[in-house]
Structures are given as C-alpha cells and as structure tokens.
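Understanding the architecture of this molecule
The residues making up each chain are set out below.
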Amino acid sequence: MRKVVKFGGSSLASAEQFKKVGAIIRADKERKFVVPSAPGKRSSDDTKVTDMLYGCYALAEQGKDFKKELKAIQDRYQEIIDGLELKLSLENEFQTIEKMFREKAGVNYAASRGEYLNGIIMADYLGYEFIDAAEVILFKEDGEYDAETTNRNLRQRLEGVEAAVIPGFYGAYADKTVKTFSRGGSDITGSIVARAIKANVYENWTDVSGFLIADPRIIYKPEGIETITYKELRELAYMGASVLHEDAIFPVRSEGIPINIRNTNAPEDNGTWIVESTCQKPKYVITGIAGKKGFCAVNIEKDMMNSEIGFGRKVLQAFEENGISFEHVPSGIDTMTVFVHQDEFMHKEQQVVSGIHRLADPDSIDIEGDFALIAVVGRGMKSTRGTAGRIFSALAHANVNVKMIDQGSSELNIIIGVANADFETAIKAIYDIFVLSQI
C-alpha cells in the first residue's frame, strides 16, 4: 500500500505537535508522502503563521518597514527547529523572503511561504526528500488549476522517489510565479499527490476525529460519521461543513481513492472514511446536517409562467449580468424563487429587479431577506419512506416555520429554508428526531 498523509496547521503548530506527527508517520511504513500546512495556532489567542505572513507582506506592499514582523515569523520557525533539536538553518530562506517582499513578489508568494518553510523543516525532521510544490503543481494563465499537466509532471517527478515532503496550498504558473489555492488548499494538494502516485489511501490529519453529524457549536457532542460518500460530503461541505476543503474531493474521486479524516491528537480513533460508494448501511437515516445563514429570496410571479419558453433563463440572466450566482431555484406554476447570498445581493438588488422586469416582464417581484438554508443529507434517505414527513413534523413541534423546500431527484438531500432566527432551533429539532430518538 501507498499512503499520502496531509497534516493541518494545528497539527504542526509547535515542536510538540511536530513530534506527534513524526510518531504517526513512523508508526506506518506506508506513510511515505507527506503534505504539511503552515503552523497554525498554538493556543486560542495565538496567530496563524499564514496570517502573520499576510500582515507582514501588507506592510512591504505599502513601503513600510516589516523587519520586526518578519523576525517574529522567523522566531516561530526557530522555536520549532530548536524544539526538535535539528541542525537546520532557515537564515538564507528568510533573506530570500525579505528580498522578494521588497520586490513586491505578490500576496500569493507571501502566503505560500508558511507551507514552504514548514515543508523544509518536516523533510529534515523525517529524513525525506523535499520537493517544492511550485515545481510540480501547475496553474494555467487564467489562474485555473491545470489538473492533467500537474498529474503527468508530478507522477514523473515522484517516480522512483522513496519518500517525499511536498508543501501544501500552492503551486506556480508556467513562468514560476507562485499561485495559491483558496484558504485550506493544502487539502487539495494532498489529494493531488494521492492521485499522482495512485495511493491506496489519502489520510488527512487534523484536530478532530472526522466529520460530525452536526455542528458541535449547535449540538452538544454530536455523533460522528463513520463513512460518507463523496457526493454526501460535497453537499455538506457546500453548506458549511468545513473539516475538509470541498475541492479536495475531485482529484481522488477520479481514481476511486478513499480519504480518511484522522485526529493528530487522538491517532487511535478511526476517524471518518470518505468513499466513492459503499454497501455499508449508515447508522442513521441521515448522514449529516449542515447549513448557512444570510440568504434572501427573490420571488417572481407571472401568470402562465410555466408555458412561457425561456422564462427561467431570462430571469437568471438578470442575476448573471450583475455577477451574482444563485443557490436554489424552487418554482411553482406561476411563481419562481431565486435564493442568493444576501450580502452579495443587497448592493445590486435594484439593478437585478430592473433587469428581471426588462428581460422577463413579470407581474410582480417580492424580496424577502434573513433566510437560513439547511441541508439534510444522507444516502439512507433513498430507501426510507417518510423522511421528509419526519423533518417537517420535527420542525412543526419546534415551532419553526418552513419557508422553502427543495429536493433533488437523487433523494440524497433535502434543502430547507427557515428564518435566520430559527436556524439553530431547526438543526436541533432535525438532529433530535433522526439521531437522539434512535439511540
């Protein structure tokens, strides 16, 4: 077997955490390809190194002195090096970083240095080969990740390599200019490496023992999820479940490689397995519940709308012209509702309204704000009758008014719209009916 192991920032925040990571890697001889993040917070009031780099570079970009801030970052790394008792110096690296900051190399370059430096330390600590992600992970001119070229080049580069550390979060354009993924992108790097070496497993180590059925900030000690499919995870991640970067699924899904979410601080826990498909029945009818606040509904009414060809396209064109993406579009015979992010929409609402009138000639338009959307997701819902009925019964008992219902033909998820004020109450009610009543 071949395993790729990715470690998050909290797993690498200090020398003590590094030692835990080293013990995990050495405990399994198949863990030969390591993807590290930048050092995270050592305590709740600490600052992540990536944020320190952003702040430091902002000063450089403004032409202000940033030596003090850069020295603080260097001290963070030196603390790790000293704690691991390594004979490693990053002096030359920090001289280069200072030079590049003065030359205004870009915010992407600045942000990437957290993973880059941690990768150097990790490789030295493990005795593995260090491979700069900028040499093997490529982006197209338009900023889009170049999946096929990267896969081909990375596979060739790793051929014959026994063990390697490849920093997460960044790559480069063809001209070697550094480009980062979105925040949390080290998860994507791990997935890319797993695909390139055709790994049997991609282990993603973080500070929790896998996914939970619901947000622990809302539900006290929610049950964990043992196994979840790629599709289920996409639905939950899209609606706010954030243990894993949602784009990390795509590279491994194409190769059928399972992801195992594990806890660096509790390595004995099995964590959550993310798989393409499974015959294993879920413990509960639902796999998970996730949601977000801050949506608004644009209700469009027009008599005989259902028989007017192109009506929906015309309505959505008004949103497209104003650079606004939609979340859900439930509709009736003479009505159509478009759900959008409120903070994105509110500054352009009148332009959109006038655009809809101009393009689709509706009878009326009504806007309602302060919505929350909740996704109830589960492969077990397909074969279970009355799931929707149980949801709405639970919400009714909790005095929550359901303002929108949207279910796809896959029966994998049900999206429910409620008032922002009812968000937490609704999630508790759904969790209670499907989980607590079954225990």
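In what follows, the accompanying structure is described.

Cut-offs applied
- Residues numbered from 1 in each chain as written.
- Predicted model: local features only at pLDDT ≥ 70, side-chain atom pairs only at ≥ 80, totals over all residues.
- Heavy atoms only, no water.
- Core = buried A, V, L, I, M, F, W, Y, C linked by side-chain atoms within 4.5 Å.
- Buried < 20%, exposed > 50% of the residue type's maximum accessible area, 1.4 Å probe, protein only.
- Helix = DSSP H or I, 4+ residues; strand = E, 2+ residues; numbered from the N terminus.
- Contact = heavy atoms within 4.5 Å.
- Salt bridge = Lys/Arg side-chain N within 4 Å of Asp/Glu carboxyl O.
- Pairing = 2+ DSSP bridges.
- 1 Å grid on protein atoms, 1.4 Å probe; cavity = no way out; pocket = protein on both sides within 12 Å on 5 of 7 lines; lining within 4 Å.
- Points joined across faces, edges and corners; volume = space filled by probe spheres on them.
- Nonpolar A, V, L, I, M, F, W, Y, C, P; charged D, E, K, R; others polar.
- Arc of directions from axis to C-beta.

Concerning the nonpolar core
As a rule of thumb, soluble globular proteins bury nonpolar side chains together. If you look at the biggest cluster of nonpolar residues, it comprises 122 residues, and the most contacted ones within it are Phe101 and Ile121. Sorting elements by how many residues they give to this core places helix 5 (residues 107-126) first, with 10 residues. Not counting chain neighbours up to four residues away, the residues in contact with phenylalanine 101 comprise Leu53, Cys56, Tyr57, Ala60, Phe66, Tyr109 and Ala110. Formed by 16 residues, the second largest nonpolar core is a distinct cluster that contains Val338, Phe345, Val352 and Ala360.

Section: the pattern of salt bridges
Across all of its chains, the model carries 27 salt bridges by this definition. We note a salt bridge from glutamate 255 to arginine 195, for which the minimum N-O separation is 3.8 Å. Taken together, the residues glutamate 255 in the loop between helix 10 (249-253) and strand 9 (259-263) and arginine 195 in helix 8 (residues 186-196) connect sequence positions 60 residues apart. You can call glutamate 255 partly exposed: its relative accessible area is 32%. On the basis of relative accessible area, arginine 195 is assigned to the buried category, the value being 12%. Put simply, lysine 314 and glutamate 308 hold a salt bridge, and the shortest N to O gap is 3.5 Å. On the basis of relative accessibility, which here comes to 22%, the residue lysine 314 falls in the partly exposed class. The class for glutamate 308 is partly exposed, based on a relative accessible area of 24%.

Some remarks on the sheet that holds strand 4 (residues 164-165)
Reading across the sheet, the 8 strands line up as 3-4-2-1-7-9-10-8 and stay open at both edges, with mixed pairing between neighbours. Every interior strand has two partners, whereas the edge strands, strand 3 (129-130) and strand 8 (227-229), have only one. Both strand 9 and strand 10 (residues 272-275) contribute to a ladder of 3 bridges, which runs antiparallel. Looking across to strand 10, one finds that isoleucine 259 is bridged to isoleucine 274.

Considering the pairing of strand 12 (residues 335-341)
In terms of residue burial, strand 12 counts as a mostly covered element, since 6 of its 7 residues are buried. As paired elements, strand 11 (residues 288-301) and strand 12 share 7 bridges and run antiparallel to each other. In the sheet register, alanine 297 faces strand 12, and the bridge partner there is phenylalanine 339.

Digging into the layout of surface pockets
A volume near 240 Å³ is recorded for the second largest pocket. What lines the second largest pocket is a set of 11 residues, and nearest its centre among them are Thr229, Lys231, Glu276, Lys382 and Leu412. Looking at the lining of the second largest pocket residue by residue, the classes come out as 2 nonpolar, 4 polar and 5 charged.

Quick notes on unusual backbone geometry
Keep in mind that most residues, glycine aside, have a negative phi and that most peptide bonds are trans. Although it is not a glycine, lysine 221 adopts a positive phi angle of roughly 45 degrees. Structurally, lysine 221 is set in the loop between strand 7 (201-206) and strand 8. On the accessibility criterion, lysine 221 (65% relative accessible area) is exposed. Within the chain, aspartate 370 stands out as a residue other than glycine whose phi angle is a positive 60 degrees.

Section: the pairing of strand 15 (residues 413-419)
Here strand 15 lies mainly inside the structure; 7 of its 7 residues are buried. Of the pairings in the sheet, the one linking strand 13 (residues 364-377) to strand 15 comprises 7 bridges and is antiparallel in character. In the sheet register, leucine 373 faces strand 15, and the bridge partner there is glycine 417. Both strand 14 (residues 404-407) and strand 15 contribute to a ladder of 4 bridges, which runs antiparallel. Of the residues in strand 15, the one forming a bridge with methionine 404 is glycine 417.

Remarks on helix 14 (residues 387-397)
Within helix 14, burial applies to Thr387, Ile391, Ala394 and Leu395. Angularly, the buried residues of helix 14 cover 95 degrees about the axis, an arc narrow enough to put them on a single face. Buried residues in helix 14 make contact with strand 13, strand 15 and helix 15 (423-434). Positive backbone phi, approximately 60 degrees, marks asparagine 399, located one or two places after helix 14.

On their own, these measurements won't tell you what the molecule is for.
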